[in-house]
Amino acid sequence: MSDHSHDNHHVNYRLIFIVLVVCSILSFVFDKISLTPKVTLVLVLAVACTKAMCVMMYFMHLKFEGNWKYVLLAPTTILAIGLPVALFPDIGASYYTSIAPQTTTWKSENDEFKAHHTTSMEGEPAPAEPQG
Amino acid sequence: MSHTPQPSALKMGIPIPNSKLGLWLFLGTEIMFFTAFIGSYIVLRMGSPGWPTDYDDTHISVGAGFINTCVLILSSYFVVVAHEAMAQKNFKKANMYLWGTMILAFVFLGIKGYEYRGKIVHDILPGRIAETPTAAIKKASRELEKVVRKRFEQYTDRGVVVTTQPTNIVEIVNLIQALPDSKPPEGIDAELFSDFQKTAPIDVDLYKKWMDLHQHIVANVSLKLPADTAAYLASRESLKEGEKPPVLEFDEVKAYIAELKKNPDYGADVTKAVNELHPMVYGNIFASCYFLMTGFHAIHVIVGMILFGVVLKQGSGLNEKWTDFVENSGLYWHFVDLVWIFLFPLLYIIDFT
């Protein structure tokens, strides 16, 4: 038999579910209304973290578990944050001119192509392209 | 009891069943597994000078992602209710809610399959995306060559055309061109031969169309100028010193392929094999990241479904011995939901400019 001491803590799962759905709708709305990319990023990631905490604390019952959860999740968190941080200076940041073909040998061809083939994102009709 | 039970002096360890501890350790490793991919995606996208974001390029639908998010959240809720029911020994209710979770998992995979189909139809696959207009043109020519070779294979496979060099397309086309005026080889049915005699001019025509395009690509000369050597050299006579003939344009190749697709004889084959010309710079790294993350997530969803399948297989025989299994399956499923909660904004919404 397993110890289910946390059964005494009654969680209103329906309420948590509604909170999760509202958060999902919020992130969908943040995408549809045009905000600057940075603001959208902060808001949407904040919503994602809120949802994650709801799922972890209540659905996965971590709020009512003992301190072992920290021991378990500490190495995970270290790696989760550490890996992007470690890779960022080499791959994520750019101190030097990129020499990838996309930015050197192909750049002029792609810029010229883009100039003549804009999508209709700005409301302008795209130039009449032949079917195919 | 209203306090967390402390382990007695004789019994060490934390007061949870071994299976739950084991699963949490596993989830710890799984979190590291996914943060490796998600972390790499974030870092690659931040470091990349560009990334495809238009719907015309990526075919990523935020609506489909949003529906999938809601589906997974609802399925997590069902799992939690099922676990509660197991604790209350209401096994019928637990069974019902677990079936609900299973069905929602199928819905999730169905929507994911629909999204993947959209990508495959546009050939948005890692390593297969042309990143410049020239690459797109050359890719279309390669795909057209495949159609020509496949159609020629019909002749060599059936023995209608006999050759010692099955990959020498020039020799084969000469033999096929000579078909209407030749007799069937030994052992070939006369009716079959006459059928192939009828299709020979069509396939030779397709070959000529492909070779025409190919030569224009190699010489980088506009399709407005003829490929025929004599006519081409004659058209160059009018050029002044230092002047070059007009180069091959992306739009005219696109129109050329569109014309081929309309042909009543071979149009269907060309439409199936030659994908739309749509160069997408930084497209391949986008496709790699997208399929890596969503693919592994989908595999984890399938594993979760197997876990639930084991429980559902018990049917009415579900009893309290299964409480721990259901709780652990539920924990795994919540983890799958957690990963999706982060994948959805990162892949569908955020723009790392």
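Treat the numbers as computed from the prediction; the structure is a model and nothing was measured. Residue numbers here run from 1 along each chain, matching the order of that chain's written sequence. Chains carry letters from A onward and ligands carry numbers from 1 onward, assigned in written order. Since the coordinates come from a predicted model, pLDDT governs what is reported: local features require at least 70, and pairs of side-chain atoms require 80 or more to be given and counted, while whole-chain, interface and lining totals use all residues. The side-chain quantities take in all heavy atoms of the structure and omit both hydrogens and water.

Observations concerning the overall build of chain B
Strands here mean DSSP runs of E at least two residues long; helices mean DSSP runs of H or I at least four residues long; both are numbered from the N terminus. Scanning chain B for helices and strands turns up 12 helices and zero strands. When the elements of chain B are put in sequence order from the N terminus, they spell out α-α-α-α-α-α-α-α-α-α-α-α. In summary, chain B has a C-alpha radius of gyration of 30 Å against a globular reference of 20 Å for 353 residues, an excess of more than 25%. Counting only C-alpha atoms, chain B reaches 100 × 60 × 35 Å along its principal axes. Burial here depends on accessible area, computed with a 1.4 Å probe over protein chains only, as a share of the maximum for the residue type. Under 20% is buried, over 50% is exposed, and the range in between is partly exposed. Burial statistics for chain B: of 353 residues in total, 50% are counted as buried. The protein chains shown are the only cover counted for residues, whose accessible areas, like all others here, come from Shrake-Rupley with a 1.4 Å probe. When the accessible area of chain B is evaluated, it comes to approximately 17,200 Å², of which 60% is carbon and sulfur surface. To get the radius of gyration, use the C-alpha atoms; to get the globule rule, take the number of residues to the power 0.38 and multiply by 2.2 Å.

Comments concerning the overall build of chain A
A count of helical and extended segments in chain A gives four helices and zero strands. Put simply, chain A runs from its N terminus to its C terminus through helices and strands in the order α-α-α-α. Counting across all 132 residues of chain A, residues that qualify as buried make up 30%. Considering only contacts in chain A between residues 6 or more positions apart, those separated by 24 or more positions represent 50%. Carbon and sulfur atoms form 66% of the exposed surface of chain A, whose accessible area is close to 8,500 Å². Here, residues are in contact when the closest pair of their heavy atoms is within 4.5 Å.

Some details on a nonpolar patch on the surface
Judged by side-chain polarity, Ile25, Val29, Ile33, Leu35 and Val39 of chain A come together as a nonpolar surface patch covering roughly 360 Å² of accessible area. With respect to the helices and strands, Ile25 of chain A occurs in helix H1 (residues 13–32). Surface patches are defined over residues having more than 30% relative accessible area and no salt bridge, joining like charges when they lie within 9 Å and nonpolar side chains (Val, Leu, Ile, Met, Phe, Trp, Tyr) when within 5 Å. In the sections that follow, a salt bridge refers to a side-chain nitrogen of Lys or Arg positioned within 4 Å of a carboxyl oxygen of Asp or Glu.

A few points about the environment of Lys63 of chain A
Residue and element names in this part refer to chain A. In this fold, Lys63 is placed in the loop between helix H2 (37–59) and helix H3 (68–92). A C-alpha to C-alpha distance of 52 Å links Lys63 and Thr104, two positions 41 residues apart in sequence. When near neighbours in sequence (up to four residues on either side) are disregarded, Lys63 contacts Met57, Tyr58 and Lys69.

Observations regarding the interface of chain A and chain B
Contacts between the two partners involve 62 residues from chain A, matched on the other side by 71 residues from chain B. Our enumeration of links across chain A and chain B arrives at one salt bridge. Measuring nitrogen to oxygen at the nearest pair gives 2.5 Å for the salt bridge that ties Glu65 of chain A to Lys20 of chain B. Polar contact is defined as a pair of N or O atoms within 3.5 Å, subject to the rule that within protein one atom must be able to donate a hydrogen and the other to accept it, and that residues adjacent in sequence are counted only when both atoms are side-chain atoms. The tally of links from chain A across to chain B stands at seven residue pairs in polar contact (both at pLDDT 80 or more). Listed by contribution, the elements that provide at least two residues to the side of chain A that touches chain B are H1, H2, H3 and helix H4 (107–116) of chain A. For the side of chain A that touches chain B, the class distribution of residues is 34 nonpolar, 19 polar and nine charged. Side-chain classes follow a simple rule in which Ala, Val, Leu, Ile, Met, Phe, Trp, Tyr, Cys and Pro form the nonpolar group, Asp, Glu, Lys and Arg form the charged group, and the remainder, Gly included, forms the polar group.

What to know about the side chain of His61 of chain A
Tracing the backbone through its elements, the reader meets His61 of chain A in the loop between H2 and H3. Judged by relative accessible area, which is 7%, His61 of chain A ranks as buried.

Focus on the pattern of salt bridges
All names here are of chain B. Evaluation of the coordinates by the stated rule reveals 16 salt bridges over all chains. Between Asp351 and Arg45 there is a salt bridge, with the nearest N and O atoms lying 3.4 Å from each other. With a gap of 306 residues between them, Asp351 in the segment after helix H12 (323–349) and Arg45 in helix H1 (residues 18–47) connect regions that are remote in the sequence. Overall, Asp351 belongs to the partly exposed group, its relative accessible area being 30%. We classify Arg45 as buried; its relative accessible area is 6%.

Things to note about the packing of H1 of chain A against helix H3 (residues 62–87) of chain B
For every element, the axis is a line fit to its C-alpha atoms; helices are fit only across the contacting stretch, and the angle between N-to-C directions ranges from 0 to 180 degrees. It is at 10 Å that the axes of H1 of chain A and H3 of chain B come closest, and there the two elements cross at 170°. By the angle between their axes, H1 of chain A is roughly antiparallel relative to H3 of chain B. The residues of H3 of chain B that touch H1 of chain A, namely those facing Tyr13, Arg14, Phe17, Leu20, Val21, Ser24, Ile25, Phe28 and Asp31 of chain A, are Val62, Gly63, Phe66, Thr69, Ile73, Leu74, Tyr77, Val80 and Glu84 of chain B. Each residue belonging to the contact of H1 of chain A with H3 of chain B can be placed in one class, and the counts come to 12 nonpolar, three polar and three charged. Here the angle decides the label: under 35 degrees means roughly parallel, over 145 means roughly antiparallel, 65 to 115 means roughly perpendicular, and every other value means oblique.

Overview of the confidence of the model for chain B
All names here are of chain B. The predictor attaches a confidence to each residue, called pLDDT, with possible values from 0 through 100. A residue-level look at chain B finds 97% of positions with pLDDT of 70 or above and a mean pLDDT of 91. At the level of individual helices and strands, chain B shows its lowest average pLDDT in helix H8 (residues 229–236), which scores 80, and its highest in helix H11 (residues 283–312), which scores 96. Of the two predicted TM-score estimates for the complex, the pTM is 0.87 and the ipTM is 0.83.

Looking at unusual backbone geometry
Residue and element names in this part refer to chain B. Residue Asn220 is not a glycine yet carries a positive backbone phi of 55°. Summarising the element assignment, Asn220 is placed in the loop between helix H7 (190–219) and H8. Residue class for Asn220 comes out partly exposed when judged on its relative accessible area of 41%. Residues other than glycine seldom take positive phi values, yet Tyr282 does so here, at roughly 65°.

Brief notes about the packing of aromatic side chains
All names here are of chain B. Aromatic rings from Phe, Tyr and Trp, taking only the six-membered ring of Trp, are treated as a pair when their centres fall within 6.5 Å; an angle between ring planes under 30 degrees marks them as stacked, one over 60 as edge-to-face, and anything in between as tilted. According to the stated counting rule, one finds 26 aromatic pairs over all chains in the structure shown. Judged by centre distance (6.3 Å) and plane angle (15°), the ring pair of Phe26 and Tyr332 falls under stacked. Note that Phe26 is positioned in helix H1 and Tyr332 in helix H12, a separation of 306 residues in sequence. Using a relative accessible area of 3% as the deciding quantity, one classes Tyr332 as buried. Taking 6.3 Å as the distance between ring centres and 40° as the angle between the ring planes, the aromatic pair formed by Tyr77 and Phe78 counts as tilted.

Some points on the state of the cysteines
For this text, the term disulfide refers to a pair of cysteine sulfurs within 2.5 Å. Considering all chains together, one arrives at zero disulfides over all chains under this definition. Lacking any disulfide linkage, Cys49 of chain A is separated from the closest cysteine sulfur, that of Cys23 of chain A, by 11 Å. Looking at the unpaired Cys70 of chain B, the closest cysteine sulfur is the one in Cys23 of chain A, lying at 11 Å. For Cys70 of chain B, a relative accessible area of 22% translates into the label partly exposed.

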